[in-house]
Protein chains: 2
Amino acid sequence: MARQARALATRQAVLLAAAEVFDERGYAAATMSEILDRAGVTKGALYFHFHSKEELALAVIEGQGAWLSTWQPSSDSPVQTLIDLGYAFAHALQDDPLVRGSIRLTIEHGSFTQPQIAAYQGWSDVARGLLERARDAGDLHPGIDLAAAAGVITGAVTGIQLSSQVLTDRRDLIQRMSDLWTLVLPGLVQPHALARLSVAERVPS
Amino acid sequence: MARQARALATRQAVLLAAAEVFDERGYAAATMSEILDRAGVTKGALYFHFHSKEELALAVIEGQGAWLSTWQPSSDSPVQTLIDLGYAFAHALQDDPLVRGSIRLTIEHGSFTQPQIAAYQGWSDVARGLLERARDAGDLHPGIDLAAAAGVITGAVTGIQLSSQVLTDRRDLIQRMSDLWTLVLPGLVQPHALARLSVAERVPS
DNA sequence: GGTAGAATACCTACTGGACGGTATGCGGCC
DNA sequence: GGCCGCATACCGTCCAGTAGGTATTCTACC
């Protein structure tokens, strides 16, 4: 297996470089040459691991699902979990190249509609699951359409992230997330539950 | 001036075709050939009016500001105006090729950061202006950060539009806008003002 | 009101370069 | 020695942009 270690390393290097370039340029404007340069790998090596540019992009998109599935709730209440997830995701968008590249490819529509839909659905499903648990716990206002709320929240996070990126290169993303919760939570959770939430980021100690 | 009529017509044809292609493919993946074909114009004609692909894209982006500046409030209360503006914009996103292309180019980051920032700021400023008027009228909850709220709303609209586009080709955009207001308004406006608003789309008679 | 000439508006053919992808070869670990 | 992992050289395609010519329409002057 020692030989596989080398292969895995170059594969990871390619994936990382590709994520970075896709994040910076978008799919169409990204060139294989730049990915090669940044990965410090030759064409043969790259095309040994990924048979086409599109396959490489799909592998980058996968990183998003991987991040989401490795994330650990670290909280008690479902709504608090949703809030925490938002902040964790925001930090990943600031620091994790794979997540950044994945998000850009997901947001750009065009070539791969199917994985994009899956990504949006994945987020929406997670949000909806948490909201269902919150409703069962009696935290939400009665009569709320959970699917609609989940769709709005995921969409809003998407857009806030995007505008933050354009305007401040995501420097104010955490602040904007906080603004979002401040605005949205009163229409979602009941006062008694709202009192128990920390809307601002909870720094894990 | 009869001579300008022809020139203006081809210019408009090029602009429309470009907006469509940019909307469908994005900036980098859009080719001048496709724009030419769709406009029914030759290369020489196009490059007479627009000196480069980038200049053409900038002209398309301008369409957004043009739409926004021609829009007429048609309402009494500032919050209602904001809601109506959202729905009007949603319809433009469904029907107006220039707006669609402009939005896609604005959302894609890369080549032209400056006009993008201007576009976001423009929307945010409009929203903020309406919120200020609403606050002065006593419609909003006290202590609301208007700039933050305006930023969240414009960001949310951006993201909702995007997810709607990916998931249903914008067919459920109106519904999602309605969901957004349902969720956001309780945290923004006071009950007495909320009662006077129509959250669903008001079809002008 | 007709015509010269000048600007405007447009057409065709071409170019240089970059891009994604492949073919083939080669070294080193099992 | 065989295959996994990688290196190098090359290819066909396509694309944005240009060069230089042509048509169309306006202006000026008779």
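Structure first, text after, so check above.
Residues numbered from 1 in each chain as written. Chains lettered and ligands numbered in written order. Predicted model: local features only at pLDDT ≥ 70, side-chain atom pairs only at ≥ 80, totals over all residues. Heavy atoms only, no water.

**Student:** I'm lost on the overall build of chain A in this one. Help?
**Tutor:** Helix and strand counts for chain A come out as 10 helices and zero strands. For the C-alpha atoms alone, the extent of chain A along its principal axes is close to 60 × 40 × 30 Å. Here chain A holds 205 residues, and the buried ones make up 52% of them. Across chain A, contacts joining residues at least 24 apart in sequence account for 64% of those joining residues at least 6 apart. When the accessible area of chain A is evaluated, it comes to approximately 9300 Å², of which 56% is carbon and sulfur surface. Considering chain A, the positive charge centre built from 17 side chains and the negative charge centre built from 22 side chains are found 5 Å apart. (Helix = DSSP H or I, 4+ residues; strand = E, 2+ residues; numbered from the N terminus. Buried < 20%, exposed > 50% of the residue type's maximum accessible area, 1.4 Å probe, protein only. Contact = heavy atoms within 4.5 Å. Areas by Shrake-Rupley, 256 points an atom, 1.4 Å probe, with all protein chains shown as cover. Lys, Arg positive; Asp, Glu negative; His and termini not counted. Charge placed at Lys NZ, Arg CZ, Asp CG, Glu CD.)

**Student:** What am I meant to see in the relation of the copies chain B and chain A here?
**Tutor:** Under the fitted operation, chain B is carried onto chain A by 0.0 Å of movement along the axis and a turn of 180°, and the coordinates agree to an RMSD of 0.0 Å. In the structure described here, the two chain copies are related by an operation that fits a two-fold rotation axis. Both copies present the same face, since 100% of the interface residues in chain B are matched by interface residues at the equivalent positions in chain A. (Least-squares fit on C-alpha atoms with pLDDT ≥ 70 in both.)

**Student:** Where do I start with the protein's contact with DNA strand C in this structure?
**Tutor:** Close to DNA strand C lie 21 residues; Lys43 and Lys53 of chain A together with Thr10, Thr42 and His49 of chain B are nearest. Backbone sugar and phosphate groups make up 68% of those atoms of DNA strand C lying within 4 Å of the protein. In this structure, Tyr47 of chain A approaches DNA strand C through a side-chain N or O atom, which is 3.1 Å from a phosphate oxygen. If you list the elements that add at least two residues to the surface near DNA strand C, you get α1 (2-25), α2 (32-39) and α3 (43-49) of chain A together with α1 (2-25) and α3 (43-49) of chain B. Among the residues forming the surface near DNA strand C, the class breakdown is seven nonpolar, eight polar and six charged. (Near = heavy atom within 4 Å. Polar contact = N/O pair within 3.5 Å; in protein donor to acceptor, adjacent residues only side chain to side chain. Nonpolar A, V, L, I, M, F, W, Y, C, P; charged D, E, K, R; others polar.)

**Student:** Could you clarify how one ought to interpret the pattern of salt bridges in this entry?
**Tutor:** Pairing is possible between side chains that carry opposite charge, provided their charged atoms lie close to one another. Residue and element names in this part refer to chain A. Applying the stated rule across the entire model yields 20 salt bridges over all chains. Notably, a salt bridge pairs Arg128 with Glu132, separated by 3.3 Å at the nearest N-O pair. Highlighted residues: Arg128 and Glu132, both in helix α7 (residues 113-136), separated by four residues, approximately one helical turn. On the accessibility criterion, Arg128 (36% relative accessible area) is partly exposed. Since its relative accessible area comes to 29%, Glu132 is described here as partly exposed. Overlapping salt bridges, with partners in common, bring together Glu20, Glu24, Arg25, Glu34 and Arg38 in one network. (Salt bridge = Lys/Arg side-chain N within 4 Å of Asp/Glu carboxyl O.)

**Student:** Teacher, can you tell me more about the environment of Arg100 of chain A here?
**Tutor:** Residues and elements named next belong to chain A. Positionally, Arg100 belongs in helix α6 (residues 97-107). Along the chain, Arg100 and Gly63 lie 37 residues apart, while their C-alpha atoms are 9.3 Å from each other. Leave out the neighbours within four places in its chain, and Arg100 touches Asp23, Ala92, Leu93, Gln94, Asp169 and Arg170.

**Student:** Would you mind showing me how to read the side chain of Glu108 of chain B here?
**Tutor:** Residues and elements named next belong to chain B. Examined against the element boundaries, Glu108 turns out to sit in the loop between α6 (97-107) and α7 (113-136). From its side chain, Glu108 meets the backbone nitrogen of Tyr27 in a polar contact 3.1 Å long. Sequence-distant contacts of Glu108, defined by excluding residues within four places in its chain, comprise Gly26, Tyr27 and Gln116.

**Student:** I keep staring at the side chain of Asp23 of chain B and nothing clicks. Help me out?
**Tutor:** Note that Asp23 of chain B resides in helix α1. Excluding residues that lie within four positions of it along the chain, Asp23 of chain B makes contacts with His109 of chain A together with Arg100, Gly101, Arg104 and Gln165 of chain B.

**Student:** Got a minute to help me understand the interface of chain B and chain A in this structure?
**Tutor:** By convention, interface size is frequently given as the accessible area that disappears when the constituent parts associate. Taken residue by residue, the interface counts 33 residues in chain B and 33 residues in chain A. Around 2800 Å² of area is buried between chain B and chain A when both sides are counted, 75% of it from carbon and sulfur atoms. At the junction of chain B with chain A, the criterion picks out zero residue pairs in polar contact (both at pLDDT 80 or more). Those elements giving two or more residues to the side of chain B that touches chain A turn out to be α6, α7, α8 (146-168) and α9 (173-184) of chain B. (Buried area = accessible area lost by both parts, 1.4 Å probe.)

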